[in-house]
Amino acid sequence: MWTANNLWTGDAMAYDVIVVGARVAGAATALLLARQGLRVLAVDRAAFPSDTISSHQIQPPGVARLARWGLLDRLGDAPSTRRVRFDSPAAVLDGAFPAGGAIHSPRRTVLDHALVDAARAAGAEVRERWRVEELVWEGGRVAGIRGSSPGGQLRTERAALVVGADGKRSFVARAVRARPTGSGHRGRSPATRTGRACR
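Residues numbered from 1 in each chain as written. Predicted model: local features only at pLDDT ≥ 70, side-chain atom pairs only at ≥ 80, totals over all residues. Heavy atoms only, no water.

Peer 1: Mind showing me how you'd approach the sheet that holds strand β8 (residues 131-138) here?
Peer 2: Two pairing modes exist for strands in a sheet, parallel and antiparallel, and in both the strands are linked by backbone hydrogen bonds. Read across the open sheet, the 6 strands follow the order β7-β2-β1-β10-β9-β8; overall the sheet is mixed. Two strands in the sheet have a free side with no partner beyond their single neighbour: β7 (125-127) and β8. The average angle at which neighbouring strand axes cross in this sheet is 40°, direction not considered. (Pairing = 2+ DSSP bridges. Helix = DSSP H or I, 4+ residues; strand = E, 2+ residues; numbered from the N terminus. Axes fitted to C-alpha atoms, helices over the stretch in contact; angles between N-to-C directions.)

Peer 1: Sorry if this is basic, but what is going on with the pairing of strand β4 (residues 83-87) here?
Peer 2: Regular strands show a simple pattern: their side chains alternate between the two faces of the sheet. Taking burial as the measure, the 5 residues of β4 include 0 buried ones, a minor fraction of the element. Taken together, the 5 bridges between β4 and strand β5 (residues 92-96) define a ladder with antiparallel strand orientation. Residue pairing for β5: Val-84 is matched across the bridge by Gly-95. Between the end of β4 and the start of β5, which pair antiparallel, lie 4 residues. (Buried < 20%, exposed > 50% of the residue type's maximum accessible area, 1.4 Å probe, protein only.)

Peer 1: Explanation requested: the nonpolar core in the structure shown.
Peer 2: Soluble globular proteins tend to pack their nonpolar side chains together in the buried interior. Core analysis: the largest hydrophobic core is formed by 29 residues, its most contacted members being Val-19, Leu-66, Trp-69, Leu-71 and Leu-115. Mapped onto this core, the elements with two or more residues apiece are β1 (15-20), α1 (24-35), β2 (40-43), α2 (60-68) and α3 (108-121). The element best represented in this core is α1, accounting for 6 residues. Every residue in contact with Leu-66, bar those within four places of it in the chain, is listed here: Ile-58, Leu-71, Leu-72, Leu-75, Leu-111 and Leu-115. Formed by 13 residues, the second largest nonpolar core is a distinct cluster that contains Tyr-15, Ile-145, Ala-159 and Val-162. (Core = buried A, V, L, I, M, F, W, Y, C linked by side-chain atoms within 4.5 Å. Contact = heavy atoms within 4.5 Å.)

Peer 1: What should I look at first to understand α3 in this one?
Peer 2: An ideal rise of 1.5 Å per residue puts 20 Å on 14 residues; α3 measures up with 19 Å between its terminal C-alpha atoms. All buried positions along α3 are accounted for by Arg-108, Leu-111, Asp-112, Ala-114, Leu-115, Val-116, Ala-118 and Ala-119. If you follow the buried residues of α3, they end up packed against α1, α2 and β7. (Expected span 1.5 Å × (residues − 1).)

Peer 1: I would appreciate a short explanation of the environment of Gly-37 in the present structure.
Peer 2: Positionally, Gly-37 belongs in the loop between α1 and β2. In sequence terms Gly-37 and Asp-16 are 21 residues apart; their C-alpha atoms lie 9.7 Å from each other.

Peer 1: Help me understand the pairing of strand β9 (residues 141-148), please; the structure alone is not making it clear to me.
Peer 2: Within β9, 6 of the 8 residues are buried, leaving the element largely enclosed by the surrounding structure. Relative to β9, β8 runs antiparallel, the two sharing 7 bridges. Across the sheet, Leu-135 pairs through a bridge with Ile-145, a residue of β9. In this antiparallel pair of consecutive strands, β8 and β9, the connection spans 2 residues, and Gly-139 shows a positive phi of 60°. Here 4 bridges tie β9 to strand β10 (residues 155-164), and the two strands are oriented antiparallel to one another. Bridged to Ile-145 within β10 is Glu-157. Turn length for the β9-β10 hairpin, with the two strands adjacent in sequence and antiparallel, is 6 residues, and the turn residue Gly-151 shows positive phi of about 80°.

Peer 1: I'm lost on the packing of α1 against α3 in this one. Help?
Peer 2: When two helices pack together, their arrangement is given by the angle between the helix axes and by the axis-to-axis distance. Where α1 meets α3, the axes come as close as 8 Å, and the angle between the chain directions of the two elements is 25°. On the basis of the axis angle, α1 is roughly parallel to α3. Taken as a pair, α1 and α3 cross one another with a handedness that is left-handed. Note on element contacts: α3 touches α1 through Arg-108, Leu-111, Asp-112, Leu-115, Val-116, Ala-118 and Ala-119, opposite Val-24, Ala-27, Ala-28, Ala-30 and Leu-31. (Parallel < 35°, antiparallel > 145°, perpendicular 65-115°, else oblique. Left-handed = near helix turned anticlockwise from the far one by under 90°.)

Quick look at the structure:
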């Protein structure tokens, strides 16, 4: 059970954090938490490598993070662009990114797989083709997940923290009835925007 001080006093949990969704946001979250020594489980209904709808562009701040995490070279020969041009009826904007920055355009089959591999290398457990059926609630808060792989038995996994990184139509966001906050973020759960805090 949870105490008034938000401390777990029940049986030992197998994981410190469970991340639902293991593509860019989820795998990066699992990677960073595992590198801090936490016991992390990340689950995704997809198998990797696999493609998904995407703009296939990583802006310079994202490129800098991949470099800082030691993953930029895993993008292979993904095209990069140092100069961009936007044409509109009102104006034309043409220029280069400051400080030698560039946009990188890897396929998601490459980017997602690289992040999943890095999360595993950091010590996170990543389960592919694993679908979450419901959240586990304890004392009015989420304490885990229940789900399975295709044809497998339903399993319950518990953690002190469950992170919803499962995309625009997030199962986790719906399950906890999360409300979008702020302007310009229609359809996104509050958890979607916490990626800004990654270091």
